[in-house]
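Structural overview for review
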Amino acid sequence: MNTAAGRALVIALVVVSMAGTSGAVLTDPAVAADGDDIQRVVIQQSTADEEQNETPSHRNPDSYSEGGNIEGVENWLTDQLTSQLGDGAIQLSEGEYELANEYVGEEYRDRLSQYADVAGQTEGESLEEDFEEAGENQSRLSEAVADYRETKEEYEAAREAGNEERARELARELETLANEIETLGGSVRESYDEIEAATGANLSESDAAVEEVNNDIQTEQETVREQQFEETELTLEPERTDISFTEPLIAAGELRTADGNPIANEEIQLAIGNHSERVATDSAGRFTLEYRPANESLSTDELEVQYVPETQSTYLGDETTVNVSIEQSEPAVSLNEASNEVSYGEEATVVGEVTVDGVPVDGVTLAVVLEGERIGTAEVQNGIFGTSATIPASVENGDQDLRVRLPFEEQALAAAADATTVTVRETESALSVEATSVGERELMVNGTLATAGGDGVASQTVQFRIDGMTVSSVTTEDGGTFGDTVTVPESVDEGEVTVSATYDGRGSNLEPATVETVITIGETGPLSTAVWVAGGFIVVIAAGLLVWWFRRSGDDKAVPVGPADDQGTAVSGGTVADQSSSTPPDTVEPLLEQASEQLSNGQPNNAARTGYAAVRRALSSQIDEQGSLTHWEFYRNYPSDDGTETELLYEITSEYERAAFDRGDVSTDEAAGTLETARQLCSPDDLDDRYTHADD
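It should be emphasised that the depicted structure is a prediction, and the values quoted were computed from it without experimental measurement.

**Thoughts on the overall build of the protein**
- A tally of regular secondary structure across the protein gives 15 helices and 25 strands.
- The 696 residues of the protein split such that 45% are buried.
- For the protein, the share of sequence-separated contacts (at least 6 apart) that also reach a separation of at least 24 residues comes to 64%.
- Of the roughly 33400 Å² of accessible surface on the protein, a fraction of 43% belongs to carbon and sulfur atoms.

**Digging into the confidence of the model for the protein**
- Within the protein, residue pLDDT values average 81, and 78% of them lie at 70 or more.
- Counted against residues more than four places away or in other chains, residues 19–68, with its pLDDT under 50, gives 116 contacts.

**Describing the pattern of salt bridges**
- With the rule as written, the count across this model stands at 24 salt bridges.
- We note a salt bridge from Arg256 to Glu254, for which the minimum N-O separation is 2.8 Å.
- By relative accessible area, Glu254 is classed as partly exposed at 25%.
- The shortest N-O distance in the salt bridge between Glu346 and Arg425 comes to 3.0 Å. With a gap of 79 residues between them, Glu346 in the loop between β11 (341–342) and β12 (347–356) and Arg425 in the loop between β18 (416–424) and β19 (429–439) connect regions that are remote in the sequence.
- By relative accessible area, which is 30% here, Glu346 ends up partly exposed.
- Overall, Arg425 belongs to the partly exposed group, its relative accessible area being 30%.
- Via salt bridges that share partners, Glu106, Glu655, Arg658 and Glu670 belong to a single interconnected network.

**A look at the nonpolar core**
- Leu85, Tyr115, Phe131 and Leu141 are the most contacted members of the largest nonpolar core, which has 42 residues in total.
- Counting only elements with at least two residues in this core, the list comes to α2 (70–93), α4 (106–119), α5 (128–160), α6 (164–199) and α7 (204–228).
- Here the element with the most residues in this core is α6; it accounts for 11 residues.
- Setting aside chain neighbours within four positions, we find Leu85 in contact with Val104, Tyr108, Phe131, Ala134, Gly135, Gln138, Tyr192 and Ile195.
- Grouped together as the second largest cluster of nonpolar side chains are 32 residues, Ala618, Phe634, Ile652 and Cys682 included.

**Digging into the sheet that holds strand β24 (residues 495–503)**
- If you walk across this open sheet you meet the 4 strands as β22-β21-β24-β25, and the pairing is antiparallel. One side of each edge strand has no neighbouring strand; the edge strands of this open sheet are β22 (469–475) and β25 (513–521). Across the sheet, the mean angle separating the axes of adjacent strands is 20° when strand polarity is ignored.
- Bridge analysis of strand β21 (residues 461–466) against β22 gives 6 bridges, and the strand direction is antiparallel. Bridge pairing in β22 places Arg465 opposite Thr470.

**Section: the packing of aromatic side chains**
- The final tally for this structure, using the stated rule, is 5 aromatic pairs.
- Look at Tyr115 and Phe131: their rings are 5.8 Å apart centre to centre, the planes differ by 75°, and that puts the pair in the edge-to-face class. Placement of Tyr115 in helix α4 and of Phe131 in helix α5 is noted, with a sequence separation of 16 residues between them.
- The exposure class of Phe131 is buried, given its relative accessible area of 0%.
- Ring centres of Phe464 and Phe482 lie 5.8 Å apart, and the angle between their planes is 45°; on these two criteria the pair is classed as tilted.

**What to know about the sheet that holds β19**
- Taken together, 3 strands build an open sheet; the order of strands is β19-β20-β23 and the sheet is antiparallel. In this open sheet, the two edge strands, each paired with only one partner strand, are β19 and β23 (481–487). Adjacent strand axes in the sheet meet at a mean angle of 20°, parallel and antiparallel pairs treated alike.
- Inspection of the sheet shows strand β20 (residues 442–451) paired to β23 by 7 bridges, in the antiparallel sense. Within β23, the residue paired with Thr448 across the bridge is Thr481.
- Lying on the sheet, helix α10 (residues 589–600) is in contact with β19 and β20; it crosses β19 at an angle near 150°.

What counts, and at which threshold
- Residues numbered from 1 in each chain as written.
- Predicted model: local features only at pLDDT ≥ 70, side-chain atom pairs only at ≥ 80, totals over all residues.
- Heavy atoms only, no water.
- Helix = DSSP H or I, 4+ residues; strand = E, 2+ residues; numbered from the N terminus.
- Buried < 20%, exposed > 50% of the residue type's maximum accessible area, 1.4 Å probe, protein only.
- Contact = heavy atoms within 4.5 Å.
- Areas by Shrake-Rupley, 256 points an atom, 1.4 Å probe, with all protein chains shown as cover.
- pLDDT = per-residue confidence, 0-100.
- Salt bridge = Lys/Arg side-chain N within 4 Å of Asp/Glu carboxyl O.
- Core = buried A, V, L, I, M, F, W, Y, C linked by side-chain atoms within 4.5 Å.
- Pairing = 2+ DSSP bridges.
- Axes fitted to C-alpha atoms, helices over the stretch in contact; angles between N-to-C directions.
- Phe/Tyr/Trp six-rings, centres within 6.5 Å; stacked < 30°, edge-to-face > 60°.

Rendered as structure tokens:
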């Protein structure tokens, strides 16, 4: 889908959501007397049914227009995101942690994705990053507060049971959580301020709720500290401030309690950034620290050093800072061992060393790069590294450059690398495809790209052609599955057509592959055109003979249809063929069976799409509009007085949208739920009733 089409789709879907949020369900009371082939599932921005769209009564009519006013849509999405942040904070303050998390969960992320697409088209500054950061931090805050409350209960239980060792261990966890909550709470409130300043929204109540939650936690934790720990004081005095890896920081340190008593003759742990150093105190609590900077920025003017007590220690940690000026050193990366030959899915092994003037480097991360593509990382410990990285499909076969690199810029250690040559073998690929008719000239095409050994290949492009004409291209998902709904070109005649899927293998180490299948278009079900034509002739001839017989008998009443106890139903205003043109129930079951098979084969997205196609086919007789309908237009136009049925149709429409258009994948459990919903909507008894009513 191109960018313009994608944005048009977002606008259309958001306007539908705006109507749905207000509780308006738009339905057409007319019931189709003659079904046509299933309406097409297409991506389009529809304006054909404006007469059915109504602005929700509780919204300002000037805030958006039915034609898709882009600023109005952006404002509506901003209101939705702000409201969900605010409501989540209130729920957090009331102790409803799961509900608080839901407010900034999947629906919030979906709205944020829509906002990002829409905001990219307006002149104002986008708040995407602000909303994303606020949502993520508020979600983490909700989880941290919930964890604190749960851990606090365990702590109180351990104290009551006299288990001091367990109580101190839990108190240490509570200390970490309390610090995290304080940091996250501050970040969330800062995000509120930025959103308020940019939008004019009022988040003061939510801000106060977050502040109250944090204050309560900090007050409780102060009591825990007094019960379990003794505060400490860490001091450091450096010999010099100009330091480098070759000229390390050397500082005289001292660790005492808050009362001034030395913490004597103990081995303690000091954390500097992401590095850790262990030193031993003497009888006066004194020690010497030596630290070689590695990944610190050259602009760093002070280092933070933390005392990190052991879990069972009775001491609390402390921190201090040291003023420094860092000079850069040149490291040497040596690749001592590496794989010679690999192929897709295999592991490339690298082993080597990182030193500076013979001194081992510790605590840095190398990038493993194959022909310019990063395929893994390697951690350096005491100057040694060793790791394996999986070969992706996106690296071309042949002799390629395998490199390990220290990817630093303007840091205490300069960038450095070493490389060798590795041969990437070509791997045989296997392509499968199946096509299902979901409309008069609409096909649902699903398939899988895998190796000859059956391993699915993700993130590769597969092209669809119908009778040699390119109609679509898709990217394979996890497991190698792919799928799309395509329109048969008008230049292709009805009847049997050849649908092909092609993987050209360019830029990869997989062999090209093409596979074809044949399907008949221009028919209402899986039966062949010849069968339908023959059946139609039989119906017409039989109807003619019946009419002729009744006229010969002098009976000018309408020909009765249906069971003997329902003789009041008569053919009027159309032929018998018109009355029975709905897709019969026995054409729906094959789609449900296909969806079940796709689910069993690890293709949840395809299963969800096919399950929805079955529902469209099952319910199509109830809608008298014969043109192309999007999935949401079909939902709005479907007439139903059954609230449960309407809710089920909404659920499966939403799941189809996720499976067909979202960036992420539908999970196996979600697809199974979608298929169950499809079976409920397509249940044989209900279908028989629907088609009986449609024929009345």
